[in-house]
Amino acid sequence: MPCEVKTRFLLLYGSQSGQAKAIAEEICQQADEHGFKGDICCMSESAKYNLETETDPVVIVVSTTGDGEPPEKALQFVKGIRTKTLPPDHYAHLCYALLALGDSNYAEFCKCGKTIDKRLQELGAKHFYATGHADDGVGLELVVDPWIEGLWEAIRKAYSNMSDPNQERNDRARTGQNGEPAESADNKQVADLKIQLLRINDSNDLSPDLPEPSLDKGKSGTETTPLGASLTTSISPLSESTLNIPALPPQYIHVELMNTTTKEENFIPPDQEAEHQVPVTRAVQLSREDAVKTALLLELDISGTHISYQPGDSLNVFCPNNSGEVEELIQRLGLAEMREHCVHLQLRTDTKKKAAQLPSYVPEKSTLKYLLTWCLEIRSIPKKAFLRALVDYTTNAAEKRRLQELCSKQGSSDYNHLVRDPNLSVLELLLAFPSCSPPLSLLIEQLPKLRPRSYSAASSSLYHPGKLHFVFNIVEFPQCSGRAVPRRGVCTGWLSELISPILQQHGRPSRDPDSALVPKVSIGLRPSTAFHLPSDPAVPFIMVGPGTGVAPFIGFLQHRAKQRQENPDTEFGETWLFFGCRHKDREFLFRDELEHFVENGTLTHLKVCFSRDAPKGPEPAPKYVQHNLCLHAQDVARILLQQNGCIYVCGDAKNMAKDVNETLIEIVGKELTVDKLEAMKVVAELRDKKCYMQDVWA
Ligand code: FAD
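Residues numbered from 1 in each chain as written. Predicted model: local features only at pLDDT ≥ 70, side-chain atom pairs only at ≥ 80, totals over all residues. Heavy atoms only, no water.

A short note on the overall build of the chain
Right, on to step 1. If you tally the helices and strands in the chain, you get 21 helices and 21 strands.
Right, on to step 2. Taking all 698 residues of the chain together, 52% fall into the buried category.
Right, on to step 3. Within the chain, counting contacts between residues at least 6 apart in sequence, those at least 24 apart form 79% of the total.
Right, on to step 4. Entry remark: accessible area of the chain is about 32300 Å², with carbon and sulfur atoms responsible for 50%. (Helix = DSSP H or I, 4+ residues; strand = E, 2+ residues; numbered from the N terminus. Buried < 20%, exposed > 50% of the residue type's maximum accessible area, 1.4 Å probe, protein only. Contact = heavy atoms within 4.5 Å. Areas by Shrake-Rupley, 256 points an atom, 1.4 Å probe, with all protein chains shown as cover.)

Focus: helix α1 (residues 19-33)
Right, on to step 1. With 15 residues, α1 ought to run about 21 Å at 1.5 Å a step, and its terminal C-alpha atoms sit 21 Å apart, in line with that.
Right, on to step 2. Residues of α1 that are buried include every one of A20, I23, A24, E25, I27, C28, Q29, Q30 and A31, and no others. (Expected span 1.5 Å × (residues − 1).)

Description of the nonpolar core
Right, on to step 1. In terms of nonpolar packing, the biggest core is built from 44 residues, with L371, L372, L376, L390 and I444 touching the most fellow members.
Right, on to step 2. Setting aside chain neighbours within four positions, we find I444 in contact with I253, V255, V343, L345, P359, L371 and L376.
Right, on to step 3. With 32 residues, the next largest nonpolar core counts Y13, C42, A134 and V144 among its residues. (Core = buried A, V, L, I, M, F, W, Y, C linked by side-chain atoms within 4.5 Å.)

A look at the site of the ligand
Right, on to step 1. Near the ligand there are 25 residues, and of these S454, Y455, E476, C491 and T492 occur at the shortest range.
Right, on to step 2. At a separation of 2.6 Å, an oxygen atom of the ligand approaches a polar backbone atom of S454.
Right, on to step 3. Here the ligand, which alone exposes 990 Å², has 78% of that area covered by the protein.
Right, on to step 4. Those elements that place two or more of their residues in the shell around the ligand are β12 (453-456), β13 (467-473), β14 (476-477), α14 (490-504) and β21 (692-697).
Right, on to step 5. Considering each element in turn, the shell around the ligand owes the most residues, four residues, to β12. (Near = heavy atom within 4 Å. Polar contact = N/O pair within 3.5 Å; in protein donor to acceptor, adjacent residues only side chain to side chain.)

Structural notes on the packing of aromatic side chains
Right, on to step 1. Within the structure shown, the criterion is met by 19 aromatic pairs.
Right, on to step 2. Note on F541 and F556: the rings are 6.3 Å apart at their centroids and 80° apart in plane angle, and the pair reads as edge-to-face. Of this pair, F541 sits in strand β17 (residues 541-544) while F556 sits in helix α15 (residues 551-566), and the two are 15 residues apart along the sequence.
Right, on to step 3. A relative accessible area of 0% places F556 in the buried class.
Right, on to step 4. One residue, R487, lies across the ring of F477, its end atom 4.8 Å from the ring centre. (Phe/Tyr/Trp six-rings, centres within 6.5 Å; stacked < 30°, edge-to-face > 60°. Lys NZ or Arg CZ within 6 Å of the ring centre and 35° of its normal.)

Thoughts on the packing of helix α9 (residues 384-391) against helix α10 (residues 397-407)
Right, on to step 1. Put simply, α9 and α10 touch, their axes get as near as 8 Å, and they point 160° apart. By the criterion of interaxial angle, the relationship of α9 to α10 is roughly antiparallel. Our pair here, α9 against α10, has a crossing hand that is left-handed. Facing α9, whose interface residues are K384, L387, R388, L390 and V391, α10 presents K400, L403, Q404, L406 and C407.
Right, on to step 2. Here the contact of α9 with α10 is built from residues that sort into six nonpolar, one polar and three charged. (Axes fitted to C-alpha atoms, helices over the stretch in contact; angles between N-to-C directions. Parallel < 35°, antiparallel > 145°, perpendicular 65-115°, else oblique. Left-handed = near helix turned anticlockwise from the far one by under 90°. Nonpolar A, V, L, I, M, F, W, Y, C, P; charged D, E, K, R; others polar.)

Regarding a positive patch on the surface
Right, on to step 1. On the surface, a cluster of positive charge is made up of R82, K84, K111 and K690.
Right, on to step 2. Note that R82 resides in the loop between α2 (75-81) and β4 (95-102).
Right, on to step 3. We classify R82 as exposed; its relative accessible area is 51%. (Patch = residues over 30% accessible without salt bridge, like charges linked within 9 Å, V, L, I, M, F, W, Y side chains within 5 Å. Salt bridge = Lys/Arg side-chain N within 4 Å of Asp/Glu carboxyl O. Lys, Arg positive; Asp, Glu negative; His and termini not counted. Charge placed at Lys NZ, Arg CZ, Asp CG, Glu CD.)

Some thoughts on the sheet that holds strand β20 (residues 646-652)
Right, on to step 1. As summarised here, the arrangement of the five strands in space is β19-β18-β17-β20-β21, forming an open sheet in which the pairing is parallel. Unpaired on one side and paired on the other, β19 (605-610) and β21 mark the two borders of the sheet. For this sheet, the mean angle separating the axes of adjacent strands, direction not counted, is 10°.
Right, on to step 2. The sheet contacts of helix α20 (residues 656-672) involve β17, β20 and β21, and relative to β20 the element is tilted by about 150°. (Pairing = 2+ DSSP bridges.)

Some remarks on helix α7 (residues 323-332)
Right, on to step 1. All buried positions along α7 are accounted for by E325, V326, L329, I330 and R332. Along the axis of α7, the buried positions cluster into a sector of 165°, meaning they face one direction only.
Right, on to step 2. For α7, the elements touching its buried residues are α8 (368-375), α12 (426-432), α13 (440-446) and β15 (487-488).
Right, on to step 3. Among the residues of α7, the N-terminal cap falls to N322, whose side-chain oxygen and the backbone nitrogen of G324 are separated by 2.9 Å.
Right, on to step 4. Once α7 ends, the next one or two residues include G334, with phi positive near 75°. (Arc of directions from axis to C-beta.)

Examining the side chain of E445
Right, on to step 1. Within the fold, E445 resides in helix α13.
Right, on to step 2. Buried charged residue E445 carries no salt bridge. Nearest counter-charge: R348, at 5.7 Å.
Right, on to step 3. In this view, E445 contacts P250, Q251, Y252 and I253; residues no more than four positions away in its chain are not counted.

Observations regarding the confidence of the model for the chain
Right, on to step 1. With 87% of its residues at a pLDDT of 70 or more, the chain shows a mean pLDDT of 87.
Right, on to step 2. This stretch, residues 166-222, has a pLDDT under 50; its non-local contacts, to residues over four places away or in other chains, come to 94 contacts. (pLDDT = per-residue confidence, 0-100.)

Remarks on the sheet that holds β13
Right, on to step 1. Strand order in this open sheet of six strands is β12-β10-β16-β8-β9-β13, and the pairing throughout is antiparallel. For this open sheet the edge positions go to β12 and β13, each flanked by a neighbour on one side alone. Taking the axes of each pair of neighbouring strands and ignoring which way they run, one obtains an average angle of 40° across the sheet.
Right, on to step 2. As paired strands, strand β9 (residues 295-301) and β13 are joined by seven bridges and run antiparallel to one another. Directly across from L297, in β13, lies its bridge partner V471.

A look at the pairing of strand β6 (residues 132-135)
Right, on to step 1. Burial along β6 is two-sided: G132 and A134 facing one way and H133 and D135 facing the other are all buried.
Right, on to step 2. Note that β4 and β6 share four bridges and pair parallel. The residue of β6 that forms the bridge with L99 is G132.

Points about the environment of A355
Right, on to step 1. Along the chain, A355 turns up in the loop between β11 (342-347) and α8.
Right, on to step 2. A sequence separation of 330 residues divides A355 from E25, and the C-alpha atoms of the two residues are 7.5 Å apart.
Right, on to step 3. Contacts of A355, omitting those with residues within four sequence positions, involve E25 and I40.

Side note on the side chain of D56
Right, on to step 1. The residue D56 is located in the loop between β2 (36-42) and β3 (58-62) in this model.
Right, on to step 2. Side chain to side chain, D56 and R8 meet in a polar contact 2.7 Å long.
Right, on to step 3. If near-sequence neighbours (up to four positions away) are discounted, D56 is found in contact with R8, F9, C95, Y159 and M162.

What about unusual backbone geometry?
Right, on to step 1. Residue P237 is reached from S236 by a cis peptide bond, and omega for that bond is 10°.
Right, on to step 2. Relative to the elements of secondary structure, P237 occurs in the loop between α6 (188-200) and β7 (253-258).
Right, on to step 3. One non-glycine residue, F590, lies in positive phi territory at about 60°.
Right, on to step 4. Mapped onto the elements, F590 comes out in the loop between α16 (584-587) and α17 (591-599).
Right, on to step 5. Among the residues examined, F590 registers a relative accessible area of 10% and is labelled buried.
Right, on to step 6. We note that T673 has phi near 45°; this positive angle belongs to a residue other than glycine.
Right, on to step 7. Here T673 is to be found in the loop between α20 and α21 (676-688).
Right, on to step 8. For T673, a relative accessible area of 72% translates into the label exposed.

Now the structure itself:
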């Protein structure tokens, strides 16, 4: 029931890729419908808000980036609240709710949100609503949607508490110190929400009562798609259910396609970070033809740039969308005649979207083809709000109903299994729903910015002056219910096409690197804050890098080899590398180079395992890197616990990094003869001291 007078709350967001911002905007939008007024500000816009004097409820939506760091635009905010001299009642006047976004594939899940939450509590601020920890690894909406749904009642309550302090005390006693929504007989909806939050929330440092999250929730296990359901067809009970569908996202962009003569070549990539266009001077297929995944190494000539990298840094590769897909999308949108027309964007004057802004990543005068090639992530998985908007542009009744189901609460499982898990794109949806004809403006409103892809440097500039290597597996998406033909990852697919002529010429382009015919890649440096060789060469270290996770360690070892050559009298610590892959003969990446490092003493211990090869002797062989770590538990413990050494882990975040983490906890527990909780604390300390570092990706 809407409030009669619009009550205000402050809505702060700290966004890196735009997700937190989009969610904050959604909250702002919904606020209106619920009779509230959200004053929305980016955390960096410190002139627009003042927490020191804020008396209305504050809602914070913040993401986490990199290795648990705050988004750039939240850095100052976090720094500000962490000021050590602030008294413990500094924010005693504040009541707030926080929605933290993160990805459980990374070790520091929702770290920025948790840091802010903890610090605000230390400074006396109070929750008026339980903190939400939304996980991009399984779908943010699993937490975000119910969290927003319950927010309105919580704000309403926060207001009534403010006007009646006794009531507040009573409510706190009833709801627990975190102020999670009260469970009262007259408020079933809120009680339901509380149960939902309890089920899906991450374990919260501040709320020991909340259970541990099930990180794979929504991916598998409890949810299944009924047999017989497909992207376009549902079965009972969903096909007969009454549906709760999300609100229609407000339109805010007006697009005109203008027939001018501007040529695409005049444009620079929209992202200024893409400073450097560098030639590819070598390409090598590291895996054998019969390997499950194709691993490629690329060498870039960076001698003409100012790029200065250290092993452990990554580079950002700015890639276009697949040209065939862009063309297909243009055709599907019925805009084939206008592919070279200039896209002119304007904010709609009648928009209901709060704080609407034109996307900064669409340059003026870009052509339609350029927009879809370089600016929009056309492969991003359509969110439920996007599906909801598509309903209104669909004429066929059965298709309309199916789109409604897919974005509805009741159709969540179908959405997860048929849209999100197989990574369907908007093009694949449009091909599956032929009567759906959305305008271009909807795609610009709903598709995020095409992001560069990061790759760990797999070389040292001491060893290969003027060159930068990186290694990747070509990502393959198989056929499925909504995808008639298999496809490749945006960047890895593009790179593999780009270099296929080089591969055919035995790895090196036949021409001068400056020649216009040599393939070039736009890159930017993505320096790592901590993932570097120990500054003291005597410090022993362990590297765990199965598959392409070995990439940064090749850089480490090349660097170390050069250092040893140049400083023969220096004492160098032990170096251990744990590598693993499926088959020794098919994908033992850098085998010759690693064996050479062992021979010359740069790498003191190389431990390898092959998960799909039959063991050589009667003894079971270690299958995965964590098994090998266990076999060398005493050395691992000695290096980490007695010799102040380091451990680096790189590669797959989904399984390997978690398993290695668990193994480390076990090793530490056994070595120190402490229980799991104590061992976890020791491992967390290693992490805090930067003795345990991860560079992992999903
Ligand atoms: P996209 O089109 O972006 O598709 C990838 C997405 O598809 C992911 O969400 C993935 O989970 C999902 N996916 C993958 N395979 C399937 C499948 N078969 N079915 C369904 N979904 C699937 N990668 C490397 O190979 N080497 C590196 O050295 C490396 N270093 C990195 C360093 C950092 C700091 C980070 C953040 C990432 C790194 N990555 C690395 C990952 C890399 O950035 C890309 O994500 C990866 O190459 C895929 O890019 P893409 O555009 O080809 O795939």
